[in-house]
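Geometric and topological summary
Each chain, written out:
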Amino acid sequence: MSATFNFTVDTHPMANEIKGVSRHVAGTTAAVVAMQTAVVAAEQQAAKKICQNVNSGFYTLMHSQISQKIAKGQSDVDSYLMLMTTQQKQLRAIKTKMEHDYRMIAARYTKLFNSLNQNLKQRIFEIDKAVVDFAIRDIGKISNRPLNLVAIAPFMQLESLTASQKILGSYIKERSARMLSFIHRFLMDSKRQKEISESVLSKQKIELESSQIKVAAVICENVMDAAENKNVSVSISQECLSNVPKSEIKNTVFSQISNVEWRDESVKEEVKSEFFKLNSESSSSERVKKLALELFNKNNFQIASGVVQ
């Protein structure tokens, strides 16, 4: 015999509890949505602020770098400007000194040659004074007489005016004919001289042999003032060379001195011995000799690695 049990379970409390949980879940969902919206807004605001900070930092960095380059460029320009100003003053001083020397030498030699010319002229005139007076004074008067007797058109009657104009026209024609004769004679003499020159000159070309020699040049660079402005001088051997090739060699060295590469090298024994000999034979004081020897020992010598051609 089976037993049957019937139970009645009240689900209202459970339903009420689940309903309360559902309300809490809905509130939590609303809170999560609000929090997510706030988080998104905060992230957007943070991203915008970060972008603004990055842009501001990049702008500040670029502005700083450009300002540094501008300051460096301005410093270089100012240094070059000071160097050019100093060189300009030096060149102007040299130009002024050269102009003064030229004017002084020119005035001295002009006075000297004028005095010599006057003395020579006086001596030559004194050799035969009568002939000189005749040639200069009397012949001059005779030569200028036709010029002084040229007919001049005066204010007079028509008949006299016509005659004077004919005389003046004939004189002008005579002078023109004489001038044309002089020009013809000059052209003929020039032609004859050209023919004589062409007859004596050889038209055969002469091939000249050319050769090259190496010339040693001493380049000395020294600091002129506190701004470390440098002056470069070139010394050429005085043997077997005239002034023209010396000037050409110096100009070539000055034009290519910036392309010369230098390397350190010890002083040769021959140079040392020659310097010691010159220093010992010098008439300077012992203090100057000692200082020169000290500077020679402390100096760093350089020689050119290439040859200037």
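What counts as what
- Residues numbered from 1 in each chain as written.
- Predicted model: local features only at pLDDT ≥ 70, side-chain atom pairs only at ≥ 80, totals over all residues.
- Heavy atoms only, no water.
- Helix = DSSP H or I, 4+ residues; strand = E, 2+ residues; numbered from the N terminus.
- Buried < 20%, exposed > 50% of the residue type's maximum accessible area, 1.4 Å probe, protein only.
- Areas by Shrake-Rupley, 256 points an atom, 1.4 Å probe, with all protein chains shown as cover.
- Patch = residues over 30% accessible without salt bridge, like charges linked within 9 Å, V, L, I, M, F, W, Y side chains within 5 Å.
- Salt bridge = Lys/Arg side-chain N within 4 Å of Asp/Glu carboxyl O.
- Phe/Tyr/Trp six-rings, centres within 6.5 Å; stacked < 30°, edge-to-face > 60°.
- Axes fitted to C-alpha atoms, helices over the stretch in contact; angles between N-to-C directions.
- Parallel < 35°, antiparallel > 145°, perpendicular 65-115°, else oblique.
- Left-handed = near helix turned anticlockwise from the far one by under 90°.
- Contact = heavy atoms within 4.5 Å.
- Nonpolar A, V, L, I, M, F, W, Y, C, P; charged D, E, K, R; others polar.

What the protein contains, in helices and strands, is six helices and four strands. In the protein, the succession of α and β elements from N to C terminus is α-α-α-β-β-α-β-α-α-β. Scored against the burial criterion, the 309 residues of the protein give a buried share of 5%. By element, 60% of the accessible surface of the protein is carried by carbon and sulfur atoms, the whole surface being about 28,300 Å².

Another aspect to go through is a nonpolar patch on the surface. There is a patch of nonpolar side chains on the surface, built from Met 104, Ile 105, Tyr 109, Leu 112, Phe 113 and Leu 116 and spanning about 560 Å² of accessible area. With respect to the element layout, Tyr 109 can be found in helix H1 (residues 12–127).

Take the pattern of salt bridges next. Side chains that carry opposite charge are capable of pairing whenever their charged atoms lie near each other. Taken as a whole, this structure holds four salt bridges when the rule is applied. Measuring nitrogen to oxygen at the nearest pair gives 3.3 Å for the salt bridge that ties Asp 76 to Lys 72. One end of the pair is Asp 76 and the other is Lys 72, both in helix H1 and four residues apart, which spans about a single turn. Asp 76 gets classed as partly exposed once you look at its relative accessible area, which sits at 31%. Relative accessible area serves as the criterion here: at 56%, Lys 72 is assigned to the exposed category. The shortest N-O distance in the salt bridge between Lys 97 and Asp 101 comes to 3.1 Å. With Lys 97 and Asp 101 both in helix H1 and four residues apart, the pair spans about one turn of that helix.

Moving on to the packing of aromatic side chains. Taken as a whole, this structure holds four aromatic pairs when the rule is applied. For the pair Phe 276 and Phe 296, a centre-to-centre distance of 6.1 Å together with 70° between the ring planes defines the contact as edge-to-face. A residue pair is termed long-range when its members are at least 10 positions apart, and Phe 276 in helix H5 (residues 269–281) and Phe 296 in helix H6 (residues 286–298) qualify at 20 residues. Phe 276 gets classed as partly exposed once you look at its relative accessible area, which sits at 37%. For Phe 296, a relative accessible area of 12% translates into the label buried. Through a chain of ring-to-ring contacts, the aromatic side chains of Phe 275, Phe 276 and Phe 296 assemble into a single cluster.

Take the packing of H5 against H6 next. Put simply, H5 and H6 touch, their axes get as near as 10 Å, and they point 165° apart. Accordingly, the angle class assigned to the pair H5 and H6 is roughly antiparallel. By crossing handedness, the relation of H5 to H6 is classed as right-handed. Contacts between H5 and H6 involve Lys 272, Phe 275, Phe 276, Asn 279 and Ser 280 from the first element and Lys 289, Ala 292, Leu 293 and Phe 296 from the second. Partitioned by chemical class, the residues of the contact of H5 with H6 number five nonpolar, two polar and two charged.

Below, the discussion takes up the side chain of Asn 279. Along the chain, Asn 279 falls in helix H5. The residues contacting Asn 279, other than those within four sequence positions of it, are Lys 289, Ala 292 and Leu 293.

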